[in-house]
Amino acid sequence: MKIALPSRGDIIDSHFGHCEYFTVFTVNESEIISEEIVPSPAGCGCKSNIASVLADMGVNMMLAGNMGDGAVNVLNHSGINVIRGCQGNVKEVALAWLSGAVIDSGASCHEHEPGCQH
C-alpha cells in the first residue's frame, strides 16, 4: 500500500493545494518500507494532475491537513481515500495511521482562492 502526505519540510502542510511536495510512503500492515518525494505540480491542488500522478504510482490513501470537498472528490474519483485533520511530522502521522490512531476529522477547508478548492 502507498500513502501520500502533502508536505512542507517534514511536516504535513495544512494547505493541500499549495504544499511543497508530497511524501509517499510504501507501507505494510505495521511499518514503513520506503519513502519517496513527489514534486507538487504548478497550480492549485485539485485543478492539477496530482490525483492521477499519485494514483498511477499506486497511492490509495492521502493523509492531509485541510482540504476542500472538491479536492476530496477528485482524489476519491482517482481511487485515493482521504483522511483530513492530520498535522505534525509526516513519518509520525503515517506510523500513527498504521497503528489505527488517525481518523478523518470530516472538516472541509472553506477558505479558497477564487476558482480553486484546495
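Residues numbered from 1 in each chain as written. Predicted model: local features only at pLDDT ≥ 70, side-chain atom pairs only at ≥ 80, totals over all residues. Heavy atoms only, no water.

Draft legend 1. Highlighting the overall build of the protein. Regarding its fold elements, the protein presents three helices and six strands. Across the protein, contacts joining residues at least 24 apart in sequence account for 49% of those joining residues at least 6 apart. Surface accessibility of the protein: about 5,800 Å² in total, with carbon and sulfur atoms responsible for 49%. (Helix = DSSP H or I, 4+ residues; strand = E, 2+ residues; numbered from the N terminus. Contact = heavy atoms within 4.5 Å. Areas by Shrake-Rupley, 256 points an atom, 1.4 Å probe, with all protein chains shown as cover.)

Draft legend 2. Inspection of the pattern of salt bridges at higher detail. Counted under the stated rule, the structure contains four salt bridges. For Lys2, the salt bridge is made with Glu36, and the minimal N-O distance between the two is 3.7 Å. A residue pair is termed long-range when its members are at least 10 positions apart, and Lys2 in strand β1 (residues 2–8) and Glu36 in strand β4 (residues 32–39) qualify at 34 residues. Residue Glu36 is classed as partly exposed on the basis of its relative accessible area, which comes to 31%. Note that Asp69 is salt-bridged to Arg84, the shortest N-O span being 3.4 Å. With Asp69 in helix α2 (residues 69–77) and Arg84 in the loop between β6 (81–83) and α3 (90–98), this pair connects stretches of sequence that are 15 residues apart. Taking the relative accessible area as the measure of exposure, Asp69 reaches 42% and is therefore partly exposed. Taking relative accessible area as the criterion, Arg84 reaches 8% and is therefore assigned buried. One connected set of salt bridges, linked through shared partners, spans Arg8, Asp13 and Glu20. (Salt bridge = Lys/Arg side-chain N within 4 Å of Asp/Glu carboxyl O. Buried < 20%, exposed > 50% of the residue type's maximum accessible area, 1.4 Å probe, protein only.)

Draft legend 3. Representation of the side chain of Thr26 within the structure. Counting through the fold element by element, Thr26 comes out in strand β3 (residues 21–27). For Thr26, a relative accessible area of 19% translates into the label buried. Other than its neighbours up to four places away in sequence, Thr26 contacts Met1, Lys2, Glu31, Ile32, Ile33 and Ser34.

Draft legend 4. Structural detail: the confidence of the model for the protein. Per-residue pLDDT for the protein averages 85, and the proportion of residues at 70 or more is 85%. Taken element by element, the protein is modelled with least confidence in α2, mean pLDDT 91, and with most confidence in β3, mean pLDDT 97. Across residues 109–118, where pLDDT falls below 50, the model places 28 contacts with residues more than four positions away in sequence or in other chains. (pLDDT = per-residue confidence, 0-100.)

Draft legend 5. Up close: the environment of Leu5. Take Leu5: it is sitting in strand β1. Measuring from C-alpha to C-alpha, the distance between Leu5 and Val82 comes to 10.0 Å, with 77 residues separating the pair along the chain. Other than its neighbours up to four places away in sequence, Leu5 contacts Ile12, Tyr21, Phe22, Thr23, Phe25, Met62, Leu63, Val90 and Val93.

Draft legend 6. Region of the structure containing α3. The complete set of buried residues in α3 reads Val90, Val93, Ala94, Trp97 and Leu98. Seen along its axis, α3 keeps its buried residues to an arc of 140 degrees; they face one direction. Where α3 begins, the capping side chain belongs to Asn89, and its oxygen is found 2.9 Å from the backbone nitrogen of Lys91. Gly100, located one to two residues past α3, shows a positive phi value of around 85 degrees. (Arc of directions from axis to C-beta. Polar contact = N/O pair within 3.5 Å; in protein donor to acceptor, adjacent residues only side chain to side chain.)

Draft legend 7. Structural view of the environment of Glu36. Between the alpha carbons of Glu36 and Phe25 there is a distance of 6.6 Å; along the sequence they are 11 residues apart. Setting aside its immediate chain neighbours within four residues, Glu36 contacts Lys2, Phe22, Thr23, Val24 and Met57.

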